[in-house]
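# Working through the structure, step by step
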Amino acid sequence: MRSGRQTRRLVFGGLLPLLLGLLPFGRPATAEGLLPAAGPAAGLAPTPAASPAPTARPLLWRIAGPRPSYLFGTIHLPDPRVLTLGAEVTQALEQVEAIYPELPLGLPTKLGAAFHLLLPLGQTLDTLVPADLLLRADRALRRQELSIEAFGPLKVWVLTVTLGMVDQLPQLTTGDSLDQQLYSLGTRRGKEVGGLETVAEQVAAFDTLEPTEQVQLLRETLDELERPDPESLSPSEQLLRLYLAGDEEQLYRQALGPRQHDSQLEQKLARALIEERNQRFAARIVEKLTARPDRACFFAVGAGHFGGPTGLPRLLRERGWQVERLGGPAAGNARPGVDKGQRKR
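In this numbering scheme, every chain counts its residues from 1 along its sequence in written order. Local features in a predicted model are, by the rule used here, given only for residues with pLDDT of at least 70; side-chain atom pairs are given and counted only at 80 or more, and totals for whole chains, interfaces and linings are based on all residues. Here the side-chain values reflect all heavy atoms present in the structure, with hydrogen atoms and water set aside.

What we call a nonpolar core is a set of buried Ala, Val, Leu, Ile, Met, Phe, Trp, Tyr and Cys residues that are connected through their side-chain atoms within 4.5 Å. Only protein chains enter the accessibility calculation, which uses a 1.4 Å probe; a residue whose area is less than 20% of its type maximum is buried, one above 50% is exposed, and one in between is partly exposed. Counting 49 residues, the largest nonpolar core has Leu 71, Phe 72, Phe 298, Phe 299 and Leu 316 as the members making the most contacts within it. The next biggest cluster of nonpolar side chains, apart from the first, holds 40 residues, and it includes Ala 140, Val 161, Val 166 and Ala 205.

Rendered as structure tokens:
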């Protein structure tokens, strides 16, 4: 099976569903989501009979307080398997006054994001990337009826992230991700909506890579895509299956966490995309919880930010908050003192 480790980390960067709506082949940025509106006091709309069953173990935690808030793990894809929300998640959404995904996914953010994706004036992709890599990338894109020409003024990492999700491009360019749907739901229901970081902060995680490192990452991503292995799952499908299993520690170990034999580039990417952002997310969650203790919030962050030594539940517990996983731990994964926090706010 292809490792796809770096590609999976890029998937959890969070910006991909946003940027695809801005590229020449994407949908125009709109403020509308796809979740149906509910009638008065009706709660979230019921699941249509033809829809996939909700995830059996959603990545959902309750944060204790005068009014409980919630921490929810998303995956930044519009795959139908992740868009059907179970009863615990829908009940949490009904109880809160505010919804905060990673980014504030309103129209102003989307329109302003394009600036952060562009190369400096006078540079184009073909001045930074060897011709053989551009040809390989073009072949991969054309399988989805796209072309390398659309990426001419964009940063190298934008192309790399897009290629990492090439098998999901049809869905990404026609449907809204789970994050977007949650944000749009909050807007329609009159809840407060916002984000835990800015586009500039999220893009900075990619921009820490030197130009040569971005080219190296592109080469390695293409190598993963081209490796002949008909039995292998794509990196995005591997992520989806791990997400649907609902085990954040397994997801972290198999897909995202650093390993001893990782290259320096892989370690740098893991720090920038996962570990450093976890610290920022935790600090801002605490700020919002303490600023208005009587307000219930729903924080929706990519599932890659929940497992491991710097996972969000652990960081919040270290700051003194009681954080309880709802739905029970996976078989064999319960650990005393870890699945429930020891101190209560």
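Attention now moves to the pattern of salt bridges. Should a side-chain nitrogen of Lys or Arg be within 4 Å of a carboxyl oxygen of Asp or Glu, the pair is scored as a salt bridge. What the rule picks out here adds up to 17 salt bridges. Salt-bridge contacts for Glu 324 lead to Arg 62; the nearest nitrogen and oxygen are separated by 3.3 Å. Here Glu 324, found in strand S6 (residues 323–325), pairs with Arg 62, found in strand S1 (residues 60–63); they are 262 residues apart in sequence, far enough to count as distant. Here Arg 277 makes a salt bridge to Glu 197, at a shortest N to O gap of 2.5 Å. Taken together, the residues span a long stretch of sequence, with Arg 277 in helix H15 (residues 264–291) and Glu 197 in the loop between strand S4 (192–193) and helix H11 (199–207) at a distance of 80 residues. For Glu 197, a relative accessible area of 3% gives the class buried. Via salt bridges that share partners, Glu 102, Glu 197, Glu 201, Arg 277, Arg 280 and Arg 284 belong to a single interconnected network. Only runs of H or I of at least four residues qualify as helices and only runs of E of at least two qualify as strands under DSSP, and these elements are numbered from the N terminus.

This part is about the packing of helix H5 (residues 107–117) against H11. In helix packing, the relevant descriptors are the interaxial angle and the interaxial distance, both defined with respect to the helix axes. Lines fitted to C-alpha atoms define the axes here, with helix axes fitted over just the stretch in contact, and angles between the N-to-C directions of these axes take values from 0 to 180 degrees. Running from N to C, H5 and H11 cross one another at 35 degrees; their axes reach a closest spacing of 10 Å. Taken as a pair, H5 and H11 cross one another with a handedness that is right-handed. Listed contacts from H11 to Thr 109, Ala 113 and His 116 of H5 are Val 199, Ala 200 and Val 203. In this classification, Asp, Glu, Lys and Arg are treated as charged, Ala, Val, Leu, Ile, Met, Phe, Trp, Tyr, Cys and Pro as nonpolar, and every other residue, Gly included, as polar. Class assignment of the residues belonging to the contact of H5 with H11 gives a composition of 4 nonpolar, 2 polar and no charged. Crossings are classed by handedness, with left-handed meaning an anticlockwise turn of the near helix from the far one by less than a right angle and right-handed meaning a clockwise turn. Whether two residues touch is decided by their heavy atoms; if any such pair falls within 4.5 Å, the residues are in contact.

The next point concerns the packing of aromatic side chains. When we look at a pair of aromatic rings, we describe it by the centre distance and by the angle of the planes. When two rings of Phe, Tyr or Trp (its six-membered ring) have centres within 6.5 Å they constitute a pair, described as stacked for plane angles under 30 degrees, edge-to-face for angles over 60, and tilted for the intermediate range. Inspection of every chain in the model, using the stated rule, returns 4 aromatic pairs. With centroids separated by 5.6 Å and ring planes inclined at 45 degrees, the aromatic side chains of Phe 72 and Phe 298 adopt a geometry described as tilted. Here Phe 298 lies in strand S5 (residues 297–302) and Phe 72 lies in strand S2 (residues 69–74), a separation of 226 residues in the sequence. For the pair Phe 72 and Phe 298, a shared accessibility class is recorded, and that class is buried. The interplanar angle of 20 degrees and the centroid separation of 5.8 Å between the aromatic rings of Tyr 100 and Phe 299 together place this pair among those described as stacked.

Orientation of helix H12 (residues 211–226) relative to H15, taken along the N-to-C sense of each, is 100 degrees, at an axis distance of 11 Å. By the angle between their directions, the pair H12 and H15 is classed as roughly perpendicular. Residue-level contacts link Glu 213, Gln 216, Leu 217 and Glu 220 of H12 to Leu 265, Lys 268 and Leu 269 of H15. Class assignment for the residues of the contact of H12 with H15 results in 3 nonpolar, 1 polar and 3 charged. Angular relationships are summarised with four words: roughly parallel below 35 degrees, roughly antiparallel beyond 145, roughly perpendicular across 65 to 115, and oblique for the angles in between.

Looking now at the sheet that holds S6. Two strands are said to pair when DSSP picks up at least two bridges between them. Strand order in the open sheet formed by 6 strands is S4-S3-S5-S2-S1-S6, with mixed pairing between adjacent strands. Taken across any chain shown, the strands that pair with only one partner, and hence form the sheet edges, are S4 and S6. By the bridge criterion, 4 bridges tie S1 to S2 in an arrangement that is antiparallel. Paired with Arg 62 across the two strands is Tyr 70, which belongs to S2. Contacts from helix H10 (residues 178–188) reach S2, strand S3 (98–101), S4 and S5 within the one sheet, and its direction differs from that of S2 by about 145 degrees. On the sheet, H15 packs against S1, S2, S3 and S5 and is oriented at approximately 175 degrees with respect to S5.

Moving on to the environment of Pro 309. Within the secondary structure, Pro 309 is located in the loop between S5 and helix H16 (312–318). Residues Pro 309 and Glu 249, spaced 60 residues apart in sequence, show a C-alpha to C-alpha distance of 9.8 Å. Residues contacting Pro 309, with those up to four places away along its chain left out, are Tyr 252 and Arg 314.

Limitation: the analysis is restricted to geometry and does not speak to function.
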